[in-house]
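Analysis of the macromolecular model
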Amino acid sequence: MMKGMKHSSTSQKQTPYLLIVLGSLVGGIAALLQTIERIQWADHPTRALVCDINNAFSCSNVFAAWQSNVFGFSNALLCLTFFAVMLGFGIAVYKSKETARLPRLIAQFFSLFFLCFGAWYITQLMFVIGSMCIYCIACYAGVIAINWGWLRANVDDLPLPKKAIGSLKNGIAKGADTFLWLLYALFFVALFLFRFYI
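Attention here is on the structure that accompanies the text.

About the thresholds
- Residues numbered from 1 in each chain as written.
- Predicted model: local features only at pLDDT ≥ 70, side-chain atom pairs only at ≥ 80, totals over all residues.
- Heavy atoms only, no water.
- Axes fitted to C-alpha atoms, helices over the stretch in contact; angles between N-to-C directions.
- Helix = DSSP H or I, 4+ residues; strand = E, 2+ residues; numbered from the N terminus.
- Left-handed = near helix turned anticlockwise from the far one by under 90°.
- Contact = heavy atoms within 4.5 Å.
- Nonpolar A, V, L, I, M, F, W, Y, C, P; charged D, E, K, R; others polar.
- Phe/Tyr/Trp six-rings, centres within 6.5 Å; stacked < 30°, edge-to-face > 60°.
- Buried < 20%, exposed > 50% of the residue type's maximum accessible area, 1.4 Å probe, protein only.
- Parallel < 35°, antiparallel > 145°, perpendicular 65-115°, else oblique.
- Disulfide = S-S within 2.5 Å.

Here the focus is the packing of helix α3 (residues 75-95) against helix α5 (residues 134-154). Here α3 crosses α5 at 35°, and the two axes come no closer than 12 Å. Relative to α5, α3 is oriented so that their crossing is left-handed. Contact residues: α3 offers Phe-82, Phe-83, Met-86 and Phe-89, while α5 offers Cys-139, Gly-142, Val-143, Ile-146 and Trp-150. Looking at the contact of α3 with α5 residue by residue, the class counts come to eight nonpolar, one polar and no charged.

Written out as structure tokens, the structure is:
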């Protein structure tokens, strides 16, 4: 019975890192495809791309906007690097029994940065550029999954008061974080529908 309890505890500890790995894979594949499309667009700006579906989904319109090169190079390259690092980190931690607190918190910090940056970028796509990129949607879904995983993995080590950590752990145990992350994702779905189809 003790072995069964230990196995269950280990599985619960590994689940957040599985979310990180899966989110990194989804986002990484999308970022890679977007990078390939971005290179093709740079060589032939007037040629239609695979992801140019209609006015609502047009990578060409997105690539031509300054928001897609905020740091002086394609956002796709930034995302590709981020997902590669998160994938490697997630796999390493998933296989190991213990990982130092600081590296995990640093990884979560950068994940939160991409969550905020992605929220800004998605709203820019919808309300300023006027077109969405299917790869961007997949990338942001990956970012959400990664943040979901890091919150669960680091809940005991967050620099918060014990009472706040206790409340977080209680909420996670009841699945409240799952509900809130899904609600967060649905908020952007609702924004998209409002912007393009209502």
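Overall, the coordinates contain 21 aromatic pairs when judged by the stated rule. Note on Phe-113 and Phe-117: the rings are 6.1 Å apart at their centroids and 10° apart in plane angle, and the pair reads as stacked. Here Phe-117 and Phe-113 lie together in helix α4 (residues 101-129), a separation of four residues that amounts to about one turn. By relative accessible area, which is 36% here, Phe-113 ends up partly exposed. Since its relative accessible area comes to 12%, Phe-117 is described here as buried. Among the aromatic residues, those joined into a ring-pair cluster are Trp-66, Phe-71, Phe-82, Phe-83, Phe-113, Phe-114, Phe-117, Trp-120 and Tyr-121.

Turning our eyes to something else, we now look at the packing of α3 against α4. The contact between α3 and α4 brings their axes to 12 Å, and the two run at 150°. As far as their axial angle goes, α4 and α3 are roughly antiparallel. For α3 against α4, the interelement crossing comes out left-handed. Across from Asn-75, Leu-78, Cys-79, Phe-82, Met-86 and Phe-89 in α3, the residues of α4 making contact are Pro-103, Arg-104, Ala-107, Phe-110, Ser-111, Phe-114, Phe-117 and Tyr-121.

For the rest of this paragraph, the subject is the state of the cysteines. The final tally for this structure, using the stated rule, is one disulfide. Note that Cys-51 is cross-linked by a disulfide to Cys-59, the S-S spacing being 2.2 Å. The exposure class of Cys-51 is buried, given its relative accessible area of 0%. Cys-79 takes part in no disulfide bond, and the closest cysteine sulfur to it belongs to Cys-139, at a distance of 4.8 Å. By relative accessible area, which is 14% here, Cys-79 ends up buried. Left without a disulfide partner, Cys-133 is nearest to the cysteine sulfur of Cys-59, which lies 3.4 Å away.

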